[in-house]
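Single-letter residue listing:
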Amino acid sequence: MATPRPALALFDLDHTLIPFDSGMAWTRFLIRAGALEAAAEARYLGWAHAYVAGTLDMRAMHRSTIAPLAGVEPARLQGWLGDFEAEIAPRLPAAAHELVARHREAGALCAIVTATSRLIATPFARAFGIEHLLATETRFVEGRPDGEIDGEPCYREHKTAHVQAWLAARGTALGAFEPSWFYSDSAGDLALLGAVTHPVAVAPDARLRAHARRAGWDILELHAAP
């Protein structure tokens, strides 16, 4: 009898596992903490609009979001991250927890794959109980984030490369998994969606919804109102 092949479940974060933008949640948290001025919210919203339009300069957005933390003592930053995790945990939808749990209980290797900075995404991964996180890596200098991205951002076509490098480090490859899933809301993730055996469009943007319908992909309205 043939040995069953392992399963893989990959999840985008913003507007997929969560029905909001993690970077905006973090920005608002820092404003309330007095670490950012109120204008930072409008500035971040501008980056979000550029993302939707496909014109985002990922490195500039990361610099704008993370560089203000360079002057924060590492212990204080860790305290903020702990407080942030406690704040966002009740906002994580039960349906998303259930989706992750189904894959985990079926024995799938699970990972979040997000363009969000690892600094911001880590509290969400912990709250979901997902051990593996592939995110945009922040460069640290003497223990402090300087706002620059370390390597390529985990964004658009680079997500596939991040997944391939992660699996290679584990001694395996994407093709070794049957089945493999990737859940995402964005047409920006078409490369990775097309690389798995079971792409799932979650409350997708208009372009991804149209593509999913043409391709016969599953469409999941994970955050639809009851």
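The structure we're discussing is the one just above.
A short tour of the structure in this document, coming up.

What about the overall build of the protein?
Secondary structure assignment for the protein yields nine helices and eight strands. Seen along its three principal axes, the alpha-carbon backbone of the protein occupies a region of about 60 × 35 × 30 Å. A buried classification covers 48% of the 226 residues belonging to the protein. Once local pairs closer than 6 in sequence are excluded, the contacts in the protein between residues at least 24 apart make up 57%. Total accessible area computed for the protein in this model is approximately 10700 Å², and 54% of it derives from carbon and sulfur atoms. Of note, the protein has its 21 positive side-chain charges centred 2 Å away from the centre of its 26 negative side-chain charges.

Some points on unusual backbone geometry
Here Glu 178 and Pro 179 are connected by a cis peptide whose omega angle stands at 10°. Within the secondary structure, Pro 179 is located in the loop between helix H7 (158-169) and strand S6 (180-184). A positive phi angle is found at Arg 156, which is not glycine, with a value near 50°. By the secondary structure assignment, Arg 156 is in the loop between strand S5 (144-149) and H7.

Cut-offs and rules
- Residues numbered from 1 in each chain as written.
- Predicted model: local features only at pLDDT ≥ 70, side-chain atom pairs only at ≥ 80, totals over all residues.
- Heavy atoms only, no water.
- Helix = DSSP H or I, 4+ residues; strand = E, 2+ residues; numbered from the N terminus.
- Buried < 20%, exposed > 50% of the residue type's maximum accessible area, 1.4 Å probe, protein only.
- Contact = heavy atoms within 4.5 Å.
- Areas by Shrake-Rupley, 256 points an atom, 1.4 Å probe, with all protein chains shown as cover.
- Lys, Arg positive; Asp, Glu negative; His and termini not counted.
- Charge placed at Lys NZ, Arg CZ, Asp CG, Glu CD.

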